[in-house]
Amino acid sequence: MRLGKETGSGTGARRAARPGLPSPQVRRAEPPAPFRIIVLLAGLLLGQVMLYGPSLAGRRILLPLDLLGQPRRYLPLDAKAGPIEPKNLTLGDLVELFEPARRFAVSEMRSGRIPQWAPYQFGGAPFIWPKFSPFLLFECSTGSPLILAWGQLLEALVAGLGMYVFCRKVLGVSFWPGTVAAWCYPLTAFFVLWQGYPTALSVVWLPWLFVAIDRAMQGKAPMDVVWLSVVTCLTLVSGHLDVAGQVLLVGGLYGLWVLWQSRGGLTRAAWRRAGVLGAGFGVGLLLAGPYILPAVEYARSGMRMERRNAGEEDRPPLGLRSLPELALPQIYGASTSPSIRVGELAESETPVAGYSGVLALLVAAPLGLAGRGRRGNGFWVLLSLLGLAWSMDIPGVVSVLRLPGLRMMSHNRLVFATAFGVLSLAALGLENLTQEFAAGLYAWCAYRALHLPAAVSSGLEQSVRQSLAVGVVHDLDGARRAQDWFVTHHAVAAGLSGAGLALWVMLRWRPRSSGVVLACLAAGMLADLAWFGHDRVVQCEPSLYYPRIPALSAIADSAPGRVIGYRCLPASLASATGLNDIRGYDGVDPKRMVELERLASDGWFGGYPYAMTQWLSPRVNVATNGLAQLPPVLDLLGVRYVVFRGNPPPGTRAVYQSPDYWVAINPAVMPRVFVPQRVEVVTDSSTRLERLNLPGFDPRAVGCVETPAAVPEQCRGTGEITSETPTRIDIRLRMNTAGLAVLGDNWDKGWRAYLDGKPVRVLRVDHALRGVIAPAGESKLEFCYEPASFRWGLALFGAALLALFALFARRAFS
């Protein structure tokens, strides 16, 4: 459509008066409101149906369940059919971490409890999954995994509607440009590559945060600070805290930009606006206290955070070689079959996650810069560069991001800001529709479609001939399928780039064709993102959803005790059958428990920096009668069952067996509640770990504590658990003498102990377990998980509510 006369709408008038924003563009009268709503929602729904249609219809499950069929994981291998070929090897967290966490949260909520303590890993650990996220709460409304696709749809609707409001209220564009940007936003690479992860959930609120900051900085409505506080809280509780912090960082920079653009100097009005911004963020932080404080407290006890504090980087900068991925995401291949990834990191951890479409980046966004108000658009350019700063290793910026506090975040994920900045400029470009473009990308893509990189054209076949697997490529047919993938995707990229070049030529030689160009460009942007996302979505048959494993079910029906896999069954998967693994994976790795477990490792796999015990394999000897001998530390930790894959060795009888599974039992396992005969004080951690690792160490004979304990030289007694929930354990003690009663669960400062109703001190025993000093005689011991951090969080939440109520009352009665 051609741009006609201005309608005189409030949006356009406000845009003209606002400092730092582009001048209002002339536009035709807009469609009626019902039509606008229907078109906006229809486009958002269509985009999600294109990507997730089978799962929304209930025919598939939006999980990479095919990964469970990989050797050593979960599904029994069919000797005739072989392992299931996975679509994407990088999505293991969805089935090994987040879906078990969701299932646990569902069970706790159905029991009327807030999920706070996860007993199924690490001998128990704080449950810091974003349980207050509105999106995850929706997904916990039922135990069925079919809800996952509808949760994805909800996220897309919130993100898309936020982008539309942002484009209209902040950028001031007309209906169609705002609608196209809203359709595109939930389809950008960050949401596609991080689909199913809490990582992306805070980014859903980014456009809403900009709108709230924009309104608050105008200083016209006192209630705007309430809106900013609520959006800040939703940003913090929805997903991972490091990404939420980055979203708020980006929002704070926008607020400072608006202050600078006002050009009024440090006036009273400027200070008032800055105060409103700070108050909104501050109250939002208080509202999110029940989630933030326990998560931060637990993270501080983790091995991963300790390494980050020391300066270790999980994903260091990649340098300028990563920049082409922003425009050509398939330049280094993909993580999905049949392609291979020849880059250093998975796509989601590179600039690929900032991909908003080649047409948006190289056609629509430059159009946004070409129109009036270029100076005001500078923030979106700077925002786009900031998102890439870490990946590109930009000097100065990277140094700032490495400062204490900031270095706790994964800055490679800042590329979400790049996608948002580019899409904002694209919305303005659709409004402007003027100026020029270079054909270099088209020529490069066309060349690469005909001449593949050496690593793909010849290197793959050489590796296969040397019997070396490269990702999902195991044979010559797989190598050729991967080569065909590269050819196809480079050809498609060349086609998209050529279409962009054609649009530029049309604008240059036929300026009156802007309406046709707008329609073609909008369709191309959506097709571009749909093409990017369609083969990166993994949807699987419901039959693959954690089917019953008879050997594991037999363990669940037998004597209680923890399990560990021998070079198989990574942490948390055993929870699908109701079992508790001594290993764990939660992104924190509680330091003391990890140190204790690693004493028993056979060194088969050293572990990932972010998951040190996920694949930990124990030193074990199995007798012919199926009895296992484990290191004493695993006896101490209550490991009763060792799970193996395949068939037992000839002459060895398995305690439990089913296809591709067999189980050995540890007869020396300690009861979960026990009383060591002697108590020794060992204050030094290294000395204590060395003692616990001695071959002759007997945890029944001696318990190591860190502070003096008043007990006899010889202690005798027993204990048994009478009832328990994840956050409460009742124990009956029968002590012949006073002594140290030990519970073989992970120690955490949130646990409180009550002996016959009176509070007693919880000691840290044997480096990572918890125990109390009990007197002679029979008594009742209760362990209750009552973290002070959660109580303080509730108090801060209440204070924030009172502040918001006071503000509301002031507005209502003024």
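A. Highlighting the overall build of the protein. Of the regular secondary structure elements, the protein holds 27 helices and 19 strands. Contacts in the protein between residues far apart in sequence, at least 24 positions, make up 73% of those at least 6 positions apart. Carbon and sulfur atoms form 60% of the exposed surface of the protein, whose accessible area is close to 32300 Å².

B. Representation of the pattern of salt bridges in the model. Applying the stated criterion across every chain, the model contains 36 salt bridges. With its nearest N and O atoms 2.6 Å apart, the salt bridge here joins Glu-313 to Arg-402. With Glu-313 in the loop between helix 13 (303-309) and helix 14 (358-370) and Arg-402 in the loop between helix 16 (397-401) and helix 17 (415-432), this pair connects stretches of sequence that are 89 residues apart. Counted as one network, the salt bridges with shared partners bring together Arg-562, Arg-672, Glu-724, Asp-745 and Arg-770.

C. Examining helix 24 (residues 591-598) more closely. Those residues of helix 24 that fall on the buried side of the exposure criterion are Met-593, Val-594, Leu-596 and Glu-597. Buried residues of helix 24, viewed axially, fall in a sector of 160°; they line one side. Against helix 13, helix 25 (632-636), helix 26 (685-692), strand 14 (739-746) and strand 18 (769-774) lie the buried residues of helix 24.

D. Focus on the nonpolar core. Among the nonpolar cores identified, the biggest contains 161 residues, and Tyr-74, Phe-166, Phe-210, Trp-380, Phe-416 and Met-525 are the most heavily contacted of them. When near neighbours in sequence (up to four residues on either side) are disregarded, Met-525 contacts Val-180, Cys-184, Leu-359, Ala-360, Ala-364, Leu-423, Ala-426 and Leu-430.

E. Examining helix 10 (residues 241-261) more closely. End to end, helix 10 covers 30 Å across 21 residues, agreeing with the expected 30 Å (1.5 Å per residue, within 8%). Counting buried positions along helix 10 gives 16 out of 21 residues, so the element sits mostly inside the fold.

F. Representation of the packing of aromatic side chains within the structure. Using the criterion set out here, one finds 39 aromatic pairs in the structure. Ring geometry for Phe-210 and Trp-380: centres 5.5 Å apart, planes at 75°, overall edge-to-face. Residue Phe-210 is located in helix 8 (residues 206-218), and its partner Trp-380 is located in helix 15 (residues 378-392); the two are separated by 170 residues in the primary sequence. These aromatic residues form a ring-pair network of at least three members: Phe-166, Tyr-185, Phe-191, Phe-210, Tyr-254, Trp-257, Trp-260, Phe-379, Trp-380 and Phe-420. Over the face of the ring belonging to Trp-751 we find Arg-770, whose NZ or CZ atom lies 4.0 Å from the ring centre. Seen from the ring of Phe-783, Arg-770 lies directly overhead, with NZ or CZ sitting 5.3 Å from the centre.

G. Spotlight on the pairing of strand 14. Here strand 14 lies mainly inside the structure; 8 of its 8 residues are buried. In terms of strand pairing, strand 9 (residues 673-674) meets strand 14 through 2 bridges, oriented antiparallel. Residue pairing for strand 14: Val-673 is matched across the bridge by Leu-743.

H. Spatial organisation of the pairing of strand 10 (residues 678-681). Bridge analysis of strand 10 against strand 11 (residues 702-705) gives 4 bridges, and the strand direction is parallel. Its bridge partner lying in strand 11, Val-679 is registered against Gly-703. As for the winding sense of the linkage, the β-α-β connection from strand 10 through helix 26 to strand 11 is right-handed.

I. Region of the structure containing the side chain of Glu-108. Relative to the assigned elements, Glu-108 resides in helix 3 (residues 92-110). Residue class for Glu-108 comes out buried when judged on its relative accessible area of 3%. A polar contact of 2.7 Å, which involves the side chain of Glu-108, links it to the side chain of Arg-113. Residues within four places of Glu-108 in sequence aside, it is in contact with Arg-113, Ile-114, Pro-115 and Pro-726.

J. Up close: the sheet that holds strand 6 (residues 639-645). Pairing is mixed across the open sheet formed by 4 strands, whose spatial order is 3-6-8-7. Each end of this open sheet is capped by a strand with a single partner; those strands are strand 3 (562-565) and strand 7 (656-658). The sheet shows a mean angle of 20° between the axes of neighbouring strands, direction not considered. Direction of pairing for strand 3 relative to strand 6: parallel, over a ladder of 4 bridges.

K. A look at the environment of Pro-787. For Pro-787, the position within the fold is in the loop between strand 19 (777-785) and helix 27 (788-813). Judged by relative accessible area, which is 4%, Pro-787 ranks as buried. For the pair Pro-787 and Asp-748, spaced 39 residues apart in sequence, the C-alpha separation works out to 8.8 Å. The contact partners of Pro-787, leaving out residues within four places of it in the chain, are Gln-116 and Gly-750.

L. Structural view of the packing of helix 8 against helix 9 (residues 224-238). Where helix 8 contacts helix 9, the two axes come as close as 9 Å, and the packing angle between them is 155°. Our classification of the angle between helix 8 and helix 9 gives roughly antiparallel. The handedness of the crossing between helix 8 and helix 9 is left-handed. Facing Trp-208, Leu-209, Val-211, Ala-212, Ile-213, Arg-215 and Ala-216 of helix 8, the residues of helix 9 in contact are Asp-224, Trp-227, Leu-228, Val-231 and Thr-232. Along the lines of polarity and charge, the residues of the contact of helix 8 with helix 9 split into 9 nonpolar, 1 polar and 2 charged.

M. Just the sheet that holds strand 13 (residues 728-735), in detail. Read across the open sheet, the 5 strands follow the order 12-13-19-15-16; overall the sheet is antiparallel. Pairing within the sheet leaves two strands with one partner each, and these edge strands are strand 12 (717-725) and strand 16 (758-760). Pairs of neighbouring strands in the sheet enclose a mean axial angle of 30°, with direction left out of account. Pairing of strand 15 (residues 751-755) with strand 16 involves 3 bridges; the strand directions are antiparallel. Residue Ala-753 lies in a different strand from strand 16, and its bridge partner there is Val-760.

N. Seen up close, a nonpolar patch on the surface. Together, Ile-37, Leu-41, Leu-45 and Leu-161 make up an exposed nonpolar region whose accessible area comes to about 290 Å². The leading source of residues in the nonpolar patch is helix 2 (residues 33-56), at 3 residues. Within the secondary structure, Leu-161 sits in helix 5 (residues 147-171). Classification of Leu-161 by relative accessible area gives partly exposed; the value is 30%.

O. Spotlight on the packing of helix 10 against helix 15. Relative to each other, helix 10 and helix 15 sit at 150°, their axes nearing to 11 Å. Taken together, the axes of helix 10 and helix 15 are roughly antiparallel relative to one another. Crossing angle aside, the handedness with which helix 10 passes helix 15 is right-handed. Together, Val-250, Leu-253, Tyr-254 and Trp-257 of helix 10 and Gly-378, Phe-379, Trp-380, Leu-382, Leu-383 and Leu-386 of helix 15 make up the contact between the two elements. A per-class count over the contact of helix 10 with helix 15 returns 9 nonpolar, 1 polar and no charged.

P. Molecular detail of the environment of Gly-607. Summarising the element assignment, Gly-607 is placed in the loop between helix 24 and strand 4 (621-622). For the pair Gly-607 and Ser-617, spaced 10 residues apart in sequence, the C-alpha separation works out to 9.9 Å.

Q. Here's a closer look at the side chain of Arg-645. Examined against the element boundaries, Arg-645 turns out to sit in strand 6. Reaching out from Arg-645, the side chain makes a polar contact with the backbone oxygen of Leu-75 at a distance of 2.8 Å. At a separation of 2.5 Å, a polar atom in the side chain of Arg-645 contacts the side chain of Asp-660. Ignoring any residue separated from it by four or fewer positions in sequence, one finds Arg-645 in contact with Arg-72, Arg-73, Tyr-74, Leu-75, Pro-76, Leu-77, Cys-568, Asp-660, Tyr-661 and Trp-662.

R. How the structure looks around the confidence of the model for the protein. Averaged over every residue, the pLDDT of the protein is 86; residues scoring 70 or more account for 84%. Per-residue pLDDT, averaged within each element of the protein, yields its smallest value for helix 1 (residues 10-17) (38) and its largest for strand 3 (98). Taken as a whole, residues 1-27 scores under 50 in pLDDT and shows 71 contacts with residues more than four places along the chain or in a different chain.

Calculation notes
- Residues numbered from 1 in each chain as written.
- Predicted model: local features only at pLDDT ≥ 70, side-chain atom pairs only at ≥ 80, totals over all residues.
- Heavy atoms only, no water.
- Helix = DSSP H or I, 4+ residues; strand = E, 2+ residues; numbered from the N terminus.
- Contact = heavy atoms within 4.5 Å.
- Areas by Shrake-Rupley, 256 points an atom, 1.4 Å probe, with all protein chains shown as cover.
- Salt bridge = Lys/Arg side-chain N within 4 Å of Asp/Glu carboxyl O.
- Buried < 20%, exposed > 50% of the residue type's maximum accessible area, 1.4 Å probe, protein only.
- Arc of directions from axis to C-beta.
- Core = buried A, V, L, I, M, F, W, Y, C linked by side-chain atoms within 4.5 Å.
- Expected span 1.5 Å × (residues − 1).
- Phe/Tyr/Trp six-rings, centres within 6.5 Å; stacked < 30°, edge-to-face > 60°.
- Lys NZ or Arg CZ within 6 Å of the ring centre and 35° of its normal.
- Pairing = 2+ DSSP bridges.
- Right-handed = clockwise from strand over helix to strand, strands pointing away.
- Polar contact = N/O pair within 3.5 Å; in protein donor to acceptor, adjacent residues only side chain to side chain.
- Axes fitted to C-alpha atoms, helices over the stretch in contact; angles between N-to-C directions.
- Parallel < 35°, antiparallel > 145°, perpendicular 65-115°, else oblique.
- Left-handed = near helix turned anticlockwise from the far one by under 90°.
- Nonpolar A, V, L, I, M, F, W, Y, C, P; charged D, E, K, R; others polar.
- Patch = residues over 30% accessible without salt bridge, like charges linked within 9 Å, V, L, I, M, F, W, Y side chains within 5 Å.
- pLDDT = per-residue confidence, 0-100.

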